[in-house]
Amino acid sequence: MATSSSGGGNGDGDRPWQSYHTVYTNAKAGMDGVDKERVQKIVYEMSKGSKYFENEKRKEATINQKIEDLRAQCVLLTDEQISFYQTVADKRIIDLEASRDLSKTWLHSDMDAFYAAVETLENPSLKGKPLAVGSMSMLCTANYEARKFGVRAAMPGFIARKLCPDLIVVPPNFQKYTYYSELTRKVFSNYDADFIATSLDEAYVNITDICNDKSVSSEQIASELRNTIYEQTGLTCSVGVAPNRLLAKVCSDINKPNGQFILPNDYKAIMTFISSLPIRKVGGIGKVTEHLLRDVLGINTCEQMLQKSAYLCALFSEHSTADIAEALSNDMHEEGLCGRTLTLKLKTSSFEVRTRATSLQTYIHSKEDILAHASKLLKAELPLSLRLMGLRMSQFYDVKPGRHDPMQKTLKNFIIKDASQSTSCSSYSSDQHLRNGANIDPSAAEESCLSKFESGHLMAVCEPEDYQQSNQIAPVKVCRPGNDASGIKDNADECVPQVHADNEGRSNPEESLTNQNGKMLWWIDDYICSVCGAELPQCFIEERQEHSDYHLAEMLQKEESLNNRRGLLQRERPVVSLVGKISPVGDVARKKQKTSKGKFIPIDAFFNRYKKD
Ligand code: DCP
Ligand code: MG
């Protein structure tokens, strides 16, 4: 498994668990003092040999390959290239500095151990005891007492019990959580009628006006809001205050639980704060990105990101807005075209498709012009959590001699770029990200030009999807361009996702995962798992991936044990057909039976093991 430069060991020899860090994380509040080695060892021992473990190993192998590739790219960079990328990075930083806005005051509120706190509120006998909400298969959260043992959300309950034998696990009750969430939202609305709730327990509140109107400090408002939430619900929350939402969210985690942290609207204070900030604390940088940046470039803090900005640009800015604009501009140049209608197509992480167009006074074709107008369209949509972004040009003027009727033109180079990317980019919902127009996700490594069609317009699409890091195959979009008179037909709506199976016949879990009860996994209302009911809003990017992976592993284990049982039964009673009884995974199971050697311990064996222990 992965070799980590700062993991304290290489995972070889007599301490193989040291490299088993995909499952282990102490990134949550309240986990700083956890005995990392003990947790890693237990997690390793309990999952070793399982399909879940194999899946984790595959993920690690993908990341390691990426690390190797990126290191190789680094070595090949010449001095000229590095100085070129330094100029690019410096310019980007200057642009960002120019767009800095310190006039707003945002508050981010995050309930403490939310589900566990609600359960304790309703059953005070749980107070002070290590508690988790979820099941033996998967935990939704753990209270702070349990976190000291390394127990955390998105961890299988049977492993958590091993870490903390006294752990109480209660099943989730979403009605209760929704009820308390509503109470908190009433409080937020008193401070900002347009507050933004991003999950049941998190919200962004713009307190600029209320601070001005009441002539009170943001610190006072933060304390008052926390007290009111406590009075209204009996629950505690933690709050962060900063000039933008991204920073406010970072701040709310600093003094968890039941605390607050105020970052003043002051340039120096912000720069000091950010410079030592571990990159993992920034929304959108999850453990995969953290791992890549650390192992490839030795980056641990935001300041180090600035120091290595040339390398970041050189290695990771492949799919930025500038690239899409450039691709479109190049194609127009090739065709000898100028266009007057620019359309921006967005697919949000909740699969909402938005199309925004602008008709310009003049015909344009340069990447700078395209970028300038595209940025305006994009900024009007912020904040945004993106899955797909595309630019389309229409209303052409033909600058090549001998062609005069733009609408009769046959165009080519309908470009689809399928960028299989990590979750940390695809749902990176900060204004900075989009204002930047850049994709800083290091796992954005692949790009393939899949299709070129004859079309009435030119289009370039950048599609961040989150399949890459778990070694899954992204669905390929097959787009059939329309031919309406305006040339701005909504082509992307005609994109048909085709799920590709990987070499084990397995397809993307979020697309097609079916568990043993025949349930498909998808996110109801975009946050409730259709298989087990766990709630994971969009912003829990990696947790959602883990969650899908876990169900996938669970399903595979079930298949495996069904196969084993079926194999036994078939040996005992060879004439009995079991296929009908084993649906809905019968077909898959039958196929897999050929390759399965029964070497994996079924997940139910873990449950039995846990009971014995
Ligand atoms: N949740 C979940 N599965 C996860 C993560 C979270 O079901 N993998 C649910 C349960 C949590 C709630 O969302 O109680 C809020 O998530 P947080 O990350 O805010 O975690 P907590 O509120 O539990 O703890 P804290 O915010 O104090 O760290
Ligand atoms: Mg919380």
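Criteria and thresholds
- Residues numbered from 1 in each chain as written.
- Chains lettered and ligands numbered in written order.
- Predicted model: local features only at pLDDT ≥ 70, side-chain atom pairs only at ≥ 80, totals over all residues.
- Heavy atoms only, no water.
- UniProt positions renumbered as here; feature names shortened; annotations may be inferred.
- Helix = DSSP H or I, 4+ residues; strand = E, 2+ residues; numbered from the N terminus.
- Buried < 20%, exposed > 50% of the residue type's maximum accessible area, 1.4 Å probe, protein only.
- Contact = heavy atoms within 4.5 Å.
- Areas by Shrake-Rupley, 256 points an atom, 1.4 Å probe, with all protein chains shown as cover.
- Donors = N, O, S within 2.8 Å, 3.2 Å for Na, K, Ca; no water.
- Tetrahedral: all angles 85-135°; square planar, octahedral: opposite > 155°, others 65-115°.
- Salt bridge = Lys/Arg side-chain N within 4 Å of Asp/Glu carboxyl O.
- Pairing = 2+ DSSP bridges.
- Axes fitted to C-alpha atoms, helices over the stretch in contact; angles between N-to-C directions.
- pLDDT = per-residue confidence, 0-100.
- Parallel < 35°, antiparallel > 145°, perpendicular 65-115°, else oblique.
- Nonpolar A, V, L, I, M, F, W, Y, C, P; charged D, E, K, R; others polar.
- Phe/Tyr/Trp six-rings, centres within 6.5 Å; stacked < 30°, edge-to-face > 60°.
- Lys NZ or Arg CZ within 6 Å of the ring centre and 35° of its normal.

The protein chain appears in an unreviewed UniProt entry as DNA polymerase kappa from Dioscorea cayennensis subsp. rotundata. For the protein chain, the Sequence similarities (unreviewed entry) comment in UniProt is given as "Belongs to the DNA polymerase type-Y family." The heading Subcellular location (unreviewed entry) in the UniProt record of the protein chain holds the text "Nucleus".

Q: Mind showing me how you'd approach the overall build of the protein chain here?
A: Looking only at helices and strands, the protein chain has 23 helices and 18 strands in total. Looking at the protein chain residue by residue over its 613 residues, the buried ones come to 53%. Relative to all contacts within the protein chain whose residues are 6 or more apart in sequence, the contacts with residues 24 or more apart total 68%. Surface accessibility of the protein chain: about 27,000 Å² in total, with carbon and sulfur atoms responsible for 51%.

Q: Would you take a moment to explain the coordination of the magnesium ion (ligand 2) for this structure?
A: Each angle at a metal carrying four tetrahedral donors should ideally be 109.5 degrees, and each at a metal carrying six octahedral donors should ideally be 90 or 180 degrees. Of the protein atoms, only Asp110 (OD), Met111 (O) and Asp201 (OD) coordinate the magnesium ion (ligand 2), at distances of 2.0 to 2.2 Å. Coordination at the magnesium ion (ligand 2) is octahedral, judged from the 6 donor atoms that bind it and the angles of 84 to 175° they form at the metal. Between consecutive donor residues of the magnesium ion (ligand 2), the sequence gaps follow D-M-x89-D. One end of the pair, aspartate 110, is in strand S1 (residues 106-111); the other, aspartate 201, is in the loop between strand S5 (196-199) and strand S6 (202-206), and 91 residues separate them in sequence.

Q: What exactly am I supposed to notice about unusual backbone geometry here?
A: Across the chain, the bulk of peptide bonds are trans and the bulk of non-glycine residues have phi less than zero. Between lysine 256 and the following residue, proline 257, the backbone shows a cis peptide bond with an omega angle of -5°. Summarising the element assignment, proline 257 is placed in the loop between helix H10 (245-252) and strand S8 (260-262). Although it is not a glycine, alanine 113 sits at a positive phi angle of roughly 40°.

Q: Can you walk me through the pattern of salt bridges in this structure?
A: Tallied over the full model, the rule gives 14 salt bridges. In this structure, glutamate 224 and lysine 214 form a salt bridge, with 3.8 Å as the shortest nitrogen-oxygen distance. Separated by 10 residues along the polypeptide, glutamate 224 in helix H9 (residues 218-233) and lysine 214 in helix H8 (residues 208-214) bring together distant segments of the chain. Overall, the relative accessible area of 46% leaves lysine 214 in the partly exposed class. A salt bridge links aspartate 295 to arginine 294; the shortest N-O distance between them is 3.0 Å. An identical accessibility class is assigned to aspartate 295 and arginine 294; each is buried. In the salt-bridge network here, residues are joined through shared partners; they are Asp110, Asp112 and Lys256.

Q: Got a minute to help me understand the sheet that holds strand S3 (residues 139-142) in this structure?
A: Strand order in the open sheet made by the 3 strands is S3-S2-S4, with mixed pairing throughout. What marks the edges here is a single partner per strand, and that holds for S3 and strand S4 (168-170). Mean inter-strand twist for the sheet, computed between neighbouring axes without regard to direction, equals 25°. Here strand S2 (residues 131-134) runs beside S4; their pairing, made up of 3 bridges, is parallel. Considered in S4, the bridge of leucine 131 is made with isoleucine 168.

Q: When you look at the confidence of the model for the protein chain in this model, what are you seeing that I'm missing?
A: A low pLDDT score tells you not to read the predicted coordinates there in detail. When pLDDT is averaged along the protein chain, the result is 70; 61% of the residues meet or exceed 70. In this model, residues 461-512 is a region of pLDDT below 50 whose contacts with residues beyond four sequence positions or in other chains number 164 contacts.

Q: Just to check I follow, could you spell out the packing of helix H4 (residues 114-122) against helix H7 (residues 174-191) for this structure?
A: Pairs of packed helices are described in terms of their axes, by the angle between the two and the distance that separates them. Packing of H4 against H7 brings their axes to within 10 Å, and their N-to-C directions diverge by 95°. Classified by the angle between their axes, H4 and H7 sit roughly perpendicular to one another. Residues Phe114, Tyr115, Val118, Glu119, Leu121 and Glu122 of H4 pack against Phe174, Lys176, Tyr177, Tyr180 and Ser181 of H7. Of the residues contributing to the contact of H4 with H7, the split by class is 7 nonpolar, 1 polar and 3 charged.

Q: Quick question: what am I supposed to make of the sheet that holds S5 here?
A: Hydrogen bonds along the backbone pair up the strands of a sheet, which may run parallel or antiparallel. Strand order in the open sheet formed by 5 strands is S5-S6-S1-S7-S8, and the pairing between neighbours is mixed. Among the strands making up the open sheet, the edge pair consists of S5 and S8. This sheet shows a mean twist of 15° between the axes of neighbouring strands, independent of strand direction.

Q: Sorry if this is basic, but what is going on with the environment of proline 171 here?
A: Topologically, proline 171 is positioned in the loop between S4 and H7. When near neighbours in sequence (up to four residues on either side) are disregarded, proline 171 contacts Glu119, Val133, Gly134 and Tyr177.

Q: For this particular structure, what's the right way to read the packing of aromatic side chains?
A: Summed over all chains, the structure comprises 9 aromatic pairs. Consider the rings of phenylalanine 174 and tyrosine 177, whose centres lie 5.8 Å apart with planes at 80°: the pair is edge-to-face. Here tyrosine 177 and phenylalanine 174 lie together in helix H7, a separation of 3 residues that amounts to about one turn. Side by side, phenylalanine 174 and tyrosine 177 carry an identical accessibility label, which is buried. Joined through ring pairs, the aromatic side chains of Phe114, Tyr115, Phe174 and Tyr177 make up one cluster. Seen from the ring of tyrosine 144, arginine 147 lies directly overhead, with NZ or CZ sitting 4.2 Å from the centre.

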